[in-house]
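Okay, here's what each chain looks like letter by letter:
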Amino acid sequence: MLFDQRDAKAIAKKLNATIIDGKRHDIAVINYGGKMIGQFGIRRGSGSLGHDYIPGQIHVTNQQARLLVQCPMSFDDWVAVLKKKQFITG
Amino acid sequence: MTLPQPKEPPTVWERLEGIHTAKGSEYDLLPPLTFASNVWNPPDSPTRYFAWAPPFSSPAPYADQEKVLQSIAASLEKLVPRIAKLEADVADIRKHADVVIATFCPEPYTLRHSIPIHIQPTDGSFVATFFDANISTSGETEEEAFANLKSLIAETFDFLESVPEEQLGPEPFRQLAVLREFVSSAR
């Protein structure tokens, strides 16, 4: 397992995500420039649950997601990645 | 008085084993087949009965046989890793599952089309993905991953529907458009 629930929450925090309560998941909603630019689900339950799907949900590689968790990659760095991939316009 | 019946030509195996020479017929004149001549002149070849191998007394056929056997052995050696890779690929493909969400019952959603879901194993768990909408989640079993994804699709649909469209960035806007293609709320 590359990312567990704790990592998922760390990524959500790093990206200043708003957490919306769902039935089985919390939905981490990421906003930028007054618009919602991404979201991903965080499974409820124990911290050992696998969340290896999150890098794909936020359009980064596993390595970049790991950098988000470990701090070297900032929210602005992530926004730059999304702009490059045209998931953010303007 | 009964007329002698024409005999059937000897089979390949009879010729290989030299059995036909004991039958006493015109085919006795045919020399026994060697492995090499059988390989290079298969039974359906038009030259089958014209390309006889040299007599066994000659050392040449044994040299030919050895070359052929070496060539076959070399080919088999090349096949072994390829077969192993194919077996691994097949085992890998069998681990994946492509299923569909056919209903959201008893949740209040109507499906316009079944939703294709891809489930694949990861380290100790399973990840279920609806690729068109880029929505994924995981579960300890395939069934749990499937149920979790169903739930997440419904939750994401409800949430995106609640956000004014002008506030949706390109990706959430696209996700909502895809979800609307597949799901509608029955409320």
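Residues numbered from 1 in each chain as written. Chains lettered and ligands numbered in written order. Predicted model: local features only at pLDDT ≥ 70, side-chain atom pairs only at ≥ 80, totals over all residues. Heavy atoms only, no water.

Asker: Before we go on, may I ask you to explain the interface of chain B and chain A in this structure?
Answerer: A common way to express how large an interface is: the accessible area buried when the components associate. Taken together, the contact pairs 28 residues of chain B with 25 residues of chain A. Of the roughly 2200 Å² buried between chain B and chain A on both sides combined, carbon and sulfur atoms contribute 51%. Arg43 of chain A is paired through a salt bridge with Glu140 of chain B; the nearest N and O atoms lie 3.4 Å apart. Listing elements by their share of the side of chain B that touches chain A, those giving two or more residues are strand E5 (135-139), helix H4 (142-162) and helix H5 (170-182) of chain B. Of the residues that constitute the side of chain B that touches chain A, the class distribution is nine nonpolar, twelve polar and seven charged. (Contact = heavy atoms within 4.5 Å. Buried area = accessible area lost by both parts, 1.4 Å probe. Salt bridge = Lys/Arg side-chain N within 4 Å of Asp/Glu carboxyl O. Helix = DSSP H or I, 4+ residues; strand = E, 2+ residues; numbered from the N terminus. Nonpolar A, V, L, I, M, F, W, Y, C, P; charged D, E, K, R; others polar.)

Asker: Please clarify how the environment of Ser136 of chain B should be interpreted in this entry.
Answerer: Counting through the fold element by element, Ser136 of chain B comes out in strand E5. Residues Ser136 of chain B and Leu149 of chain B, spaced 13 residues apart in sequence, show a C-alpha to C-alpha distance of 6.5 Å. The residues contacting Ser136 of chain B, other than those within four sequence positions of it, are Tyr53 and Gln57 of chain A together with Val127, Ala128, Thr129, Leu149 and Leu152 of chain B.

Asker: Looking at this structure, how should I read the nonpolar core?
Answerer: Proteins that are soluble and globular tend to have nonpolar side chains buried together. Phe104, Ile115, Ile117, Phe130, Ile153, Leu179 and Val183 of chain B are the most contacted members of the largest nonpolar core, which totals 31 residues. Of all the secondary structure elements, the ones that give two or more residues to this core are strand E2 (25-32) of chain A together with strand E1 (97-101), strand E2 (109-111), strand E3 (115-121), strand E4 (126-130), H4 and H5 of chain B. In terms of residue count, the dominant contributor to this core is H4 of chain B (eight residues). Ignoring sequence-local partners within four residues, the contact set of Val183 of chain B consists of Phe104, Tyr109, Thr110, Leu111, Arg112, Ile115 and Phe157 of chain B. The next biggest cluster of nonpolar side chains, apart from the first, holds 26 residues, and it includes Ala12, Tyr53 and Ala65 of chain A together with Val127 of chain B. (Core = buried A, V, L, I, M, F, W, Y, C linked by side-chain atoms within 4.5 Å. Buried < 20%, exposed > 50% of the residue type's maximum accessible area, 1.4 Å probe, protein only.)

Asker: Where do I start with the sheet that holds E3 of chain B in this structure?
Answerer: Strand pairing in a sheet relies on backbone hydrogen bonds. The paired strands run either parallel or antiparallel. Residues and elements named next belong to chain B. One open sheet accounts for four strands, arranged E1-E3-E4-E5; its pairing is antiparallel. Edge positions in the open sheet fall to E1 and E5, since each of these has one partner strand only. Ignoring which end each strand starts from, the neighbouring axes of this sheet average 25° apart. Two elements, E3 and E4, share four bridges in a ladder whose sense is antiparallel. Along E4, the bridge assignment pairs Gln120 with Val127. The strands that H4 touches are E1, E3, E4 and E5; relative to E5, the one it contacts most, it runs at about 145°. (Pairing = 2+ DSSP bridges. Axes fitted to C-alpha atoms, helices over the stretch in contact; angles between N-to-C directions.)

Asker: Can you walk me through the packing of aromatic side chains in this structure?
Answerer: Each aromatic ring pair is specified by the distance between its two centres and by the angle formed by the two planes. This model, assessed by the stated rule, comprises five aromatic pairs over all chains. Ring geometry for Tyr32 of chain A against Phe75 of chain A: centres 6.3 Å apart, planes inclined by 55°, an arrangement best described as tilted. Separated by 43 residues along the polypeptide, Tyr32 of chain A in strand E2 and Phe75 of chain A in helix H4 (residues 75-84) bring together distant segments of the chain. Here Tyr32 of chain A falls in the partly exposed class, since its relative accessible area comes to 28%. Judged by centre distance (6.3 Å) and plane angle (75°), the rings of Tyr109 of chain B and Phe157 of chain B are edge-to-face. Of the two residues, Tyr109 of chain B sits in strand E2 while Phe157 of chain B sits in helix H4, which places them 48 residues apart along the sequence. Pairwise contacts between aromatic rings join Tyr32, Phe75 and Trp78 of chain A into one cluster. (Phe/Tyr/Trp six-rings, centres within 6.5 Å; stacked < 30°, edge-to-face > 60°.)

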